[in-house]
There are 2 protein chains.
Amino acid sequence: MNYSDRIDALREDMKKNGIDFFLTVSSDDHASEYICDHYKFTEYLTGCTSDNVILIVTGDEALLWTDGRYFISAAGELVGSGVKLMKSGEPGVESVSDFLKSHLKEGSRLGFNGMIINSSRAADYERIAGEKKAEVVYDYAPEESVWLNRPDLPVHSLFILPDDITGESYEKKKERLLEKLDGDYIIISKLDDIMWLLNVRGNDIAYNPVALSYMIFGKERQILFIRKEEVTEELSSYLDENGVTLAGYDEIISYIKSLKDCKVMIDPDETSDLVMKTVEKSVGTDRVIKKADPIELMKAVKNDVELDHIRKTYIMDSVAVCRFIFRMKRDVGRVDMTELDAAEILDKMRSELPGYIELSFETIPAYNENAAMAHYAPDKASASRLQKSGFLLVDSGATYMGGTTDVTRTIVLGKLTDQEKADFTSVAVSNLRLLYAKFPKGTSGVGLDAIARQPLWDREIDFNHGTGHGIGYMLNVHEGPQSIRRRNADTPFVPGMITSDEPGIYRENMYGIRTESITECVEVSSGEFGTFLGFRPLTFVPIDLDAIDGNYMTKRDIELLNDYHKKVRNVISPYLKGEELDWLISSTEPVK
Amino acid sequence: MNYSDRIDALREDMKKNGIDFFLTVSSDDHASEYICDHYKFTEYLTGCTSDNVILIVTGDEALLWTDGRYFISAAGELVGSGVKLMKSGEPGVESVSDFLKSHLKEGSRLGFNGMIINSSRAADYERIAGEKKAEVVYDYAPEESVWLNRPDLPVHSLFILPDDITGESYEKKKERLLEKLDGDYIIISKLDDIMWLLNVRGNDIAYNPVALSYMIFGKERQILFIRKEEVTEELSSYLDENGVTLAGYDEIISYIKSLKDCKVMIDPDETSDLVMKTVEKSVGTDRVIKKADPIELMKAVKNDVELDHIRKTYIMDSVAVCRFIFRMKRDVGRVDMTELDAAEILDKMRSELPGYIELSFETIPAYNENAAMAHYAPDKASASRLQKSGFLLVDSGATYMGGTTDVTRTIVLGKLTDQEKADFTSVAVSNLRLLYAKFPKGTSGVGLDAIARQPLWDREIDFNHGTGHGIGYMLNVHEGPQSIRRRNADTPFVPGMITSDEPGIYRENMYGIRTESITECVEVSSGEFGTFLGFRPLTFVPIDLDAIDGNYMTKRDIELLNDYHKKVRNVISPYLKGEELDWLISSTEPVK
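To keep things clear, this report deals only with the structure shown in the data block. (Residues numbered from 1 in each chain as written. Chains lettered and ligands numbered in written order. Predicted model: local features only at pLDDT ≥ 70, side-chain atom pairs only at ≥ 80, totals over all residues. Heavy atoms only, no water.)

Some words on the overall build of chain A
This is how it is decided: Only DSSP runs of H or I reaching four residues or more are called helices, and only runs of E reaching two or more are called strands; each is numbered from the N terminus. Only protein chains enter the accessibility calculation, which uses a 1.4 Å probe; a residue whose area is less than 20% of its type maximum is buried, one above 50% is exposed, and one in between is partly exposed. Whether two residues touch is decided by their heavy atoms; if any such pair falls within 4.5 Å, the residues are in contact. Accessible surface is estimated by sampling points in the Shrake-Rupley manner with a 1.4 Å probe; for residues, cover comes only from the protein chains shown. When charges are counted, Lys and Arg are positive and Asp and Glu negative, with His and the chain ends excluded. Charge placement uses NZ in Lys and CZ in Arg. For Asp and Glu, CG and CD serve respectively.
Within chain A, the secondary structure is distributed over 19 helices and 28 strands. Referenced to the eigenvectors of the C-alpha coordinate spread, the extents of chain A come out at roughly 70 × 55 × 50 Å. When the 592 residues of chain A are sorted by exposure, 60% land in the buried category. A separation threshold of at least 6 residues defines the contact pool for chain A, and within that pool the share at least 24 residues apart is 70%. Split by element, the accessible area of chain A, about 23,200 Å² in all, is 47% carbon and sulfur. The distance from the centre of the 70 positive side-chain charges to the centre of the 99 negative ones in chain A is 3 Å.

What follows is the structure in structure tokens.
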């Protein structure tokens, strides 16, 4: 059964249910970015593996929106599916809202699964439908009927983190959260929030150490909704000691229905439409306090114990990446190797490190033109063979007992063109200028983005993804609330935040370059003009000097590169010896 | 009668009317930034002349909020008034909303004049009052009873601009606006919008060539509400020819009351609370379309005829400023002169230029420590005597038949310290990097601000005002929607927008430096990475080389300075001769 057959089956079901427009997204009941197979319905229908998809199916059209990271890969995946790729944010491309505005008519029926669509989004769609006098069916879930051989929900036990790993007991986090609580309860759907708050981890979603769960948290009561099969005896007594009650994962809706006479705080961006509607019905709309999730910021500002583990973990992880780069530079051309073989080598190195839990995302080993896709994932059939020329971009990371890592380096495998060197150098300059930026307290990512992009803009080049994202501690590789991007990045930086710094240049069908280091936000000084903050690198991996062209750097840029490499040499050299150490020394020689 | 007596008189009136909290702002019925004397009630009560004031008076407190441009001057003006200065946005300073939240109690009565407070602001205050179960009296206007010798409204005739000045007839603007109209009518309160739309100008507010008016604009009817005394016979027949009906300025409320069965579009940020409440009552809340004013963007993107006039006007104005700087550098130390004398010289030069209408704001001639106040205004008693040392900052501009100008240069009068040179150089670098920035289409001011601030941030310095504002065409020196600042600057740049570029460094009690050039947004290129935009200077005045220290510049910064000075020399030298020309040549010599 090919994709267009699957969509036809969906259309039949829509017809049966009187649905004219079906809308779904690549997410789960918890507004997750990464999801378990059970929820990959957009992939089942279209073949598209992007992490950020909105799909609309009508009687005669199927349209899939995704963002700039996936434009190239999605275009490939959708060939022959009959699904039209909509490049979100590109000039002339209709947005989902605009599409609904121009297509919904009086009497049209728009259906979606209110467990998958979050409340903010649903409210937008309902407003548009209202304007057009169209009807919304918010509990239409065709995945339950048309998905053949739908994977089951996974079952994995949770584990508890000790205080010397978390730096703060659940008891203390509970106290802090109670201070931020508006109303009587907060309903938490976001999985990494729940894991962070309870100091536990799970394994239901590949790459994200989280367990499918909900939490209702208030002064009087704290209830964890989770499948019993995932609760060990140890966890059960830990929760009991901490006064946390257990309830079944599928009891969340009926429990919310039993809430009365209380005020409930809830984040509409992170809550499914059905949960929100249930809360509003049971306690009354005027007693629902819709507010940004307070846990996100608490979780983002790492404490001293976490920072100490993170710094050590990043050194260990950087050593592995250095050893991997050395091996690539030595072996490519002598040993037959595909992109997948390279990924396997790196993944194995990481898996042998102490405290290794899992990769933090699928390793991206992208050779030459494949790297023009920011989130390329090769398979056995398609993986390119590495040769002694061009670039190998490797974006990778892992979660260890002591931190979650993420790092990208673009490795020079052989001869480069002048343009390749110019682009590589501009990306390095972009990365370094942001890494070494100082900025007043109160500055947010939207106010820093241009510092990274300027060296590219000067050459009339830009890249189509964010410049930086927050990173969890033994949690998701992408977390908020801070980020560095062109817009929607208004959270001010706070010392202790961990953020990536990852500019790139992508030339379709030619190559892709990205240099990503992870940073820790620190206070720099306090004086006449207030407090200034800056970043400190957590990642210590050389930026490949074989592609550096000093003509694209200011004197100051060269100083920054040399300063960074001096740090890399100091931090990493104790862990290497022999050929590897020699390579490190020559890879961190000052540039003149 | 001193200020505290005036506030006491207000308190008596509040008591009589049962008002516990009185709130007002330095604005008029049209949300104007600059206002005529009739509306300067906050200045009457407190002596504070800032353009951006919120004043709250309670039974025992009076608090005045203003922004960073005015912190130093307001502190001086408020000495002895009993009014407490609240520095908006500074760490630890309670915002107006927070003050209301912490002070309003159940049963408190908060009063304001709903013609002076705009609808968005009023809605915020009403929400807070609602939460606290306090009462809002939105038609409390004590200025009508407690203000002794309140100035009358001014009366000045309007004049009509010909098409070869505006580049677009009212008829064509009308067509374009009708396309953007949601609903049946738009109610326009913003004075410069009305002037722009009708291609007329007035003279009711000093420095702003606008007339007090309202407009109700729809497909069927366009009505201008204005005082009859301001309407010449010529204007009357011009409006008649264009199908615009005249009504009295004070008939606006009663006319709105007569509106029935129609949808009305209105911008709550630019409409007084009383006008909004009247509209909502008369057509019904669900038929009021609250939307950002579409005229602002139309007005901001200048057409080719306007641009042609603007470019020529800026050259003429730049020549005057060059001649003024030459004279200052020659005469200070030889001729006895105060800051005011300097301003008079410059103002006279401008007034003699062809097409001169009025200054676009009160000239700011600030010597040494006075320049630490970003918007300093000397009076005869306080004006400093200029000497052969330090800096003279001059911020000035005018409106001519052909454009409104704005320019700041900081002039070296004598010996400087190393820190003064370093700061001056950093400000120049900041100005130049922004001026020469290239950026992708879609970029807004919030995404450019860091490019200007980075050279200051690198030295742990910052400034407390926006980096750039839009500028009107023969209109207000500050206009939207675009701006360049840390936050709230989300309007993407469009070719044809005119924006200032004005970074500064202010050291209290020492000195202030600002370099302001005005720019035109232009398209730079269109290629693989989309369309890139940039700026072109409209201002051609040397940046004082006597204060440039190359140690604070990269090689590229020096190239930018030399390129800018080369342009200044090419553009301005045809207009100068003798000593003035010699000065221009030496002031634009390339730096090595």
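A closer look at the nonpolar core
For clarity, the threshold we go by: Nonpolar cores were defined as sets of buried Ala, Val, Leu, Ile, Met, Phe, Trp, Tyr and Cys residues, with membership established by side-chain atoms within 4.5 Å.
Counting residues in hydrophobic clusters, the biggest one holds 142 residues, and the most contacted among them are Phe324(A), Met328(A), Phe324(B) and Met328(B). Once residues lying within four places of it in the same chain are set aside, the contact partners of Phe324(A) are Ala342(A), Ile345(A), Leu346(A), Met349(A), Val394(A) and Ile411(A). By size, the runner-up hydrophobic cluster in this structure holds 84 residues, among which are Trp196(B), Leu197(B), Met265(B) and Leu475(B).

A few points about the sheet that holds strand E3 (residues 62-66) of chain B
Residues and elements named next belong to chain B. Just so we agree on the cut-off: Two strands are said to pair when DSSP picks up at least two bridges between them. Every axis in this analysis is a line fitted to C-alpha atoms, fitted for helices over the stretch in contact. Angles between the N-to-C directions lie between 0 and 180 degrees.
Spatial ordering of the open sheet is given by E4-E3-E2-E1-E5-E6, a layout of six strands whose pairing is mixed. The sheet is open, and its two borders are formed by strand E4 (84-87) and strand E6 (135-137), each paired with just one other strand. Averaged over all pairs of adjacent strands, the angle between strand axes in this sheet comes to 20 degrees, irrespective of strand direction. Relative to the sheet, helix H1 (residues 3-16) contacts strand E1 (21-25), strand E2 (54-57) and E3, its axis offset from that of E2 by approximately 65 degrees.

Quick word on the interface of chain B and chain A
Often the size quoted for an interface is simply the accessible area lost on bringing the parts together. How we decide: The quantity reported as buried area is the accessible area (1.4 Å probe) lost by two parts once they are put together, taken as the sum for both. The salt bridge definition used is simple: a Lys or Arg side-chain nitrogen within 4 Å of an Asp or Glu carboxyl oxygen.
Every contact between the two is made by 28 residues of chain B and, on the other side, 28 residues of chain A. Each partner contributes to the roughly 2,600 Å² buried at the junction of chain B and chain A, and carbon and sulfur atoms together form 56% of this total. Its largest share of buried area at the contact with chain A, chain B owes to Trp457(B), Glu460(B) and Phe529(B), together 26% of the area lost on that side. Inspection of the chain B/chain A interface yields four salt bridges. Of the charged contacts in the structure, one is a salt bridge between Glu460(B) and Lys438(A), with a shortest N-O distance of 2.8 Å.

Observations regarding the relation of the copies chain B and chain A
So the rule is basically this: Alignment of the copies relies on least squares applied to C-alpha atoms, considering only residues that score at least 70 for pLDDT in both.
Once chain B is rotated about the relating axis by 180 degrees and shifted along it by 0.0 Å, it coincides with chain A to within an RMSD of 0.1 Å. What the rotation and shift describe, once combined, is the action of a two-fold rotation axis. In this assembly the copies share their binding face: 100% of the residues contributing to the interface of chain B also contribute to that of chain A.

Describing helix H9 (residues 191-198) of chain A
Each full turn of the α-helix corresponds to 3.6 residues, which orients residues three or four apart in the same direction. Residues and elements named next belong to chain A. Taken across its eight residues, H9 has eight buried, putting it largely inside the fold. Along H9, the residues classified as buried are Leu191, Asp192, Asp193, Ile194, Met195, Trp196, Leu197 and Leu198. Looking one or two residues past H9, asparagine 199 carries a phi angle of roughly 55 degrees, positive in sign.

Focus on the pairing of strand E25 (residues 504-507) of chain B
Residue and element names in this part refer to chain B. Here E25 shows two buried faces, one formed by Gly504 and Tyr506 and the other by Ile505 and Arg507. One ladder, built from four bridges, connects E25 with strand E26 (residues 511-514); its direction is antiparallel. Paired with glycine 504 across the strands is arginine 514, a residue of E26. A loop of three residues connects E25 with E26, the two strands running antiparallel in sequence, and asparagine 509 in this loop sits at a positive phi of about 65 degrees.

Here's the deal with the side chain of Asn431(A)
Residues and elements named next belong to chain A. Note the cut-off: Polar contact is defined as a pair of N or O atoms within 3.5 Å, subject to the rule that within protein one atom must be able to donate a hydrogen and the other to accept it, and that residues adjacent in sequence are counted only when both atoms are side-chain atoms.
Mapped onto the elements of the fold, asparagine 431 is located in helix H16 (residues 418-435). Given a relative accessible area of 1%, asparagine 431 falls into the buried group. In terms of polar contacts, asparagine 431 uses its side chain to reach the backbone carbonyl oxygen of threonine 515, at 3.2 Å. Once residues within four sequence positions are removed from consideration, asparagine 431 is found in contact with Asp501, Pro503, Thr515, Glu516, Ser517 and Ile543.

Concerning the packing of helix H16 (residues 418-435) of chain B against helix H18 (residues 555-572) of chain B
Residue and element names in this part refer to chain B. We count it as follows: Angles are sorted into four bins: roughly parallel if under 35 degrees, roughly antiparallel if over 145, roughly perpendicular if 65 to 115, and oblique for all others. Each residue receives one of three labels: charged for Asp, Glu, Lys and Arg, nonpolar for Ala, Val, Leu, Ile, Met, Phe, Trp, Tyr, Cys and Pro, and polar for the others, Gly being one of them.
Running from N to C, H16 and H18 cross one another at 75 degrees; their axes reach a closest spacing of 10 Å. Considering the angle they form, H16 stands roughly perpendicular to H18. Each of Val429, Leu432, Arg433 and Leu435 in H16 lies in contact with H18, whose residues at this interface are Asp557, Leu560, Leu561 and Tyr564. Considered class by class, the residues forming the contact of H16 with H18 number six nonpolar, no polar and two charged.

A closer look at the environment of Ala547(B)
Residue and element names in this part refer to chain B. Looking at the element boundaries, alanine 547 is found in the loop between strand E28 (530-537) and H18. In this structure alanine 547 comes out as buried when scored by relative accessible area, which is 0%. Other than its neighbours up to four places away in sequence, alanine 547 contacts Phe391, Val412, Leu416, Lys421, Phe424 and Thr425.

Examining the pairing of strand E11 (residues 222-226) of chain A
All names here are of chain A. Burial of E11 is extensive: five of the five residues sit out of reach of the surface. Burial of the side chains of E11 extends over both faces: Gln222, Leu224 and Ile226 are buried on one face and Ile223 and Phe225 on the other. For strand E10 (residues 213-218) and E11, the ladder comprises five bridges, and the chain directions are antiparallel. For phenylalanine 217, the partnering residue across the bridge sits in E11 and is glutamine 222. Counting the residues that bridge the hairpin from E10 to E11 gives three residues.

Description of the pattern of salt bridges
Overall, the coordinates contain 86 salt bridges over all chains when judged by the stated rule. Bridged by salt links that share partners, the residues Arg327(A), Arg330(A), Asp331(A), Arg334(A) and Glu579(A) form one connected network.

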